[in-house]
Amino acid sequence: MVIAKKFILEKPFNGAPTEDNFKLLEEELDELNKGEILVEAIWLSVDPYIRPYSNHVSPGTTVMGTQIAKIIKSNNQDYKFGQLVFCSTGWRTFSIINPTTLEKDGMPTFYLLPDFGNLSPSLGLGVLGMPGNTALFGFLNICDPKPGETVVISAAAGAVGIHVGQIARNLGCYVIGFAGSDHKVKWLKEVLKFDAAFNYKTKDVNAALLEAAPHGVDCYFDNVGGDFSSAVIYRMKNFGRVSVCGSISSYNTNPKNLPKVSMLQPAIVFKQLKIEGFIVSRWADKWQSGIERNLNFIKEGKLIYPEYIVQGFESLPQAFIGMLNGENLGKALVKV
């Protein structure tokens, strides 16, 4: 008999998430049917998308999320004890999965973890997983950056922003990052060698861009939205490209208080900007090739991948709330 722990969404979010939104429960799992496997979570991911997507689920639902898990029992000849898997089973310690019945279209929800060599399997939730492919495909395919161009990245010290910045640097772009603390700004400059970095909480965005990019911005990788992004868009060059990855500044905000499209339309029209939002599942058919490409970047010494690790399954709500508040530098993870 296996007893699984899980977090459910106890009540809908109303503004910023609190620990009261979550409830820890236990449940007894059934015996395996033919084709099923039992997995035990090792690493769990906390990601910004959980906040807006949870608006569309009912209270009592297991909190969504991905994990790296170990197969501890198998009734499926294609999956063996001890193998590591990526799975989208939510905030759970144990899960029963039937790989043959999983949806095949859209975002990959289950696969055997590729061989990362001596690297930690936790990277399957970060640089060698969804955030890594988000950065790789979302930046290159939408912004189409060229050597010498000026690139601005918001939330530049998060898992995706760090990755985008390094791709841009490797291409020979002039990279400007914005983050939420002096410590992060210093790290971006000293470790990642960004050409410029600013604390958006203490430095006016317009003033920062006039200082670091007096001739304007070619590419903007947008993780935050809101007034911050409005300021960047007005500093774009003609034919600038904006890749809209996220809008974390708006997730806890009343939509009535957000900048209106009419504020941006003059810049979009007269600068002839390309602004495109994306969800990384559009590149699901290239998923493994993206992982392989990012793995090669690591092997070539072109990619640094910091992790912000919180210990203990019961710490998931605190880790999630902390990530939304910007406590993490790099990928936010929970180690069971």
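Residues numbered from 1 in each chain as written. Predicted model: local features only at pLDDT ≥ 70, side-chain atom pairs only at ≥ 80, totals over all residues. Heavy atoms only, no water.

Undergrad: Help me understand the overall build of the chain, please; the structure alone is not making it clear to me.
TA: Summing up its helical and strand segments, the chain has nine helices and 15 strands in all. In terms of overall size, the chain behaves like a compact globule, its C-alpha atoms giving a radius of gyration of 21 Å where 336 residues would be expected to give roughly 20 Å. Viewed in the frame of its principal axes, the chain has a C-alpha envelope of about 65 × 45 × 35 Å. Going through the 336 residues of the chain one by one, you find that 51% of them count as buried. Considering only intrachain contacts with a sequence separation of at least 6, the fraction spanning at least 24 residues in the chain is 69%. Carbon and sulfur atoms make up 51% of the accessible area of the chain, which amounts to about 15,500 Å² in all. Side-chain charges of the chain comprise 33 positive and 32 negative groups, with the mean position of each set lying 5 Å from the other. (Helix = DSSP H or I, 4+ residues; strand = E, 2+ residues; numbered from the N terminus. Rg over C-alpha atoms; globule rule 2.2 N^0.38 Å. Buried < 20%, exposed > 50% of the residue type's maximum accessible area, 1.4 Å probe, protein only. Contact = heavy atoms within 4.5 Å. Areas by Shrake-Rupley, 256 points an atom, 1.4 Å probe, with all protein chains shown as cover. Lys, Arg positive; Asp, Glu negative; His and termini not counted. Charge placed at Lys NZ, Arg CZ, Asp CG, Glu CD.)

Undergrad: What exactly am I supposed to notice about the sheet that holds strand β13 (residues 274-277) here?
TA: Within a sheet, neighbouring strands are paired by backbone hydrogen bonds and run either parallel or antiparallel to one another. Spatially, β10-β9-β8-β11-β12-β13 is the arrangement adopted by the six strands of the open sheet, whose pairing is parallel. If you trace the sheet from one side to the other, it starts and ends with β10 (196-199) and β13, each paired once. Pairwise comparison of adjacent strand axes, ignoring direction, gives a mean angle of 15 degrees for this sheet. Bridging between strand β9 (residues 174-179) and β10 involves four bridges; their strand directions are parallel. For A179, the partnering residue across the bridge sits in β10 and is N199. With respect to the sheet, helix α2 (residues 130-143) is in contact with β8 (150-153), β11 (217-222), β12 (236-244) and β13, its orientation differing from that of β12 by roughly 150 degrees. In the packing of helix α4 (residues 182-190) onto the sheet, the strands contacted are β9 and β10, and the crossing angle to β10 comes to about 175 degrees. (Pairing = 2+ DSSP bridges. Axes fitted to C-alpha atoms, helices over the stretch in contact; angles between N-to-C directions.)

Undergrad: What should I look at first to understand the side chain of S243 in this one?
TA: On the secondary structure map, S243 appears in strand β12. Relative accessible area serves as the criterion here: at 0%, S243 is assigned to the buried category. Setting aside its immediate chain neighbours within four residues, S243 contacts G138, I142, C143, Y220, F221, D222, E276 and F278.

Undergrad: Which parts of the structure should I look at to understand the packing of helix α5 (residues 205-212) against helix α6 (residues 226-233)?
TA: Helix-helix packing is described using two parameters, namely the angle between the two axes and the distance between the axes. As a packed pair, α5 and α6 sit with axes 9 Å apart at the nearest point and diverge in direction by 35 degrees. In the crossing of α5 with α6, the sense of the turn from one axis to the other is right-handed. Two secondary-structure elements touch here, α5 through V205, N206 and L209 and α6 through F228, A231 and V232. For the contact of α5 with α6, the per-class residue count stands at five nonpolar, one polar and no charged. (Left-handed = near helix turned anticlockwise from the far one by under 90°. Nonpolar A, V, L, I, M, F, W, Y, C, P; charged D, E, K, R; others polar.)

Undergrad: Quick question: what am I supposed to make of unusual backbone geometry here?
TA: In most cases, non-glycine residues show a negative phi, while peptide bonds are predominantly trans. Residue K193 is not a glycine yet carries a positive backbone phi of 60 degrees. Relative to the elements of secondary structure, K193 occurs in the loop between α4 and β10. Relative accessible area serves as the criterion here: at 48%, K193 is assigned to the partly exposed category. Positive phi outside glycine occurs at Q272, with the angle close to 55 degrees.

Undergrad: Please explain the environment of F297 as it appears in this structure.
TA: Along the chain, the position of F297 falls in helix α8 (residues 287-299). As a C-alpha pair, F297 and Q166 span 131 residues in sequence and 9.9 Å in three-dimensional space. Filtering out sequence-adjacent residues up to four positions away, F297 remains in contact with L136, K302 and L303.

Undergrad: Even after reading the chapter, I still don't get the state of the cysteines, so can you show me in this structure?
TA: A disulfide bridge is the covalent bond that connects two cysteines by way of their sulfur atoms. All told, the structure shown has zero disulfides when counted by the stated rule. Summary of cysteine pairing: C173 is not part of a disulfide, and the nearest cysteine sulfur, belonging to C219, is at 6.5 Å. A residue is classified by how much of its surface remains accessible, and C173, at 4% relative accessible area, is buried. (Disulfide = S-S within 2.5 Å.)

Undergrad: Explain the packing of aromatic side chains here, please?
TA: Working definition: an aromatic ring pair is given by the centre-to-centre distance plus the angle between the planes. This model, assessed by the stated rule, comprises 17 aromatic pairs. Consider the rings of W91 and F320, whose centres lie 5.9 Å apart with planes at 75 degrees: the pair is edge-to-face. You can see W91 sitting in the loop between β5 (84-87) and β6 (94-97) and its partner F320 sitting in helix α9 (residues 316-324), a full 229 residues away along the chain. By the ring-pair criterion, three or more aromatic residues cluster together here, those being F7, F13, F22, W91, F313 and F320. (Phe/Tyr/Trp six-rings, centres within 6.5 Å; stacked < 30°, edge-to-face > 60°.)

Undergrad: It is not clear to me how the pattern of salt bridges should be interpreted in this structure. Could you clarify?
TA: Two side chains that carry opposite charge are able to pair once their charged atoms sit near each other. For the structure shown, the criterion picks out 14 salt bridges. Among the charged side chains, a network of salt bridges with common partners joins K6, E27 and R92. (Salt bridge = Lys/Arg side-chain N within 4 Å of Asp/Glu carboxyl O.)

Undergrad: What am I meant to see in α9 here?
TA: Turn by turn, an α-helix covers 3.6 residues, leaving residues three or four places apart pointing in a common direction. In terms of burial, α9 is a largely internal element, eight of the nine residues being buried. Restricting attention to buried positions, one finds in α9 the residues L316, P317, A319, F320, I321, G322, M323 and L324. Following α9 by one or two positions, G326 has its phi on the positive side, about 80 degrees.

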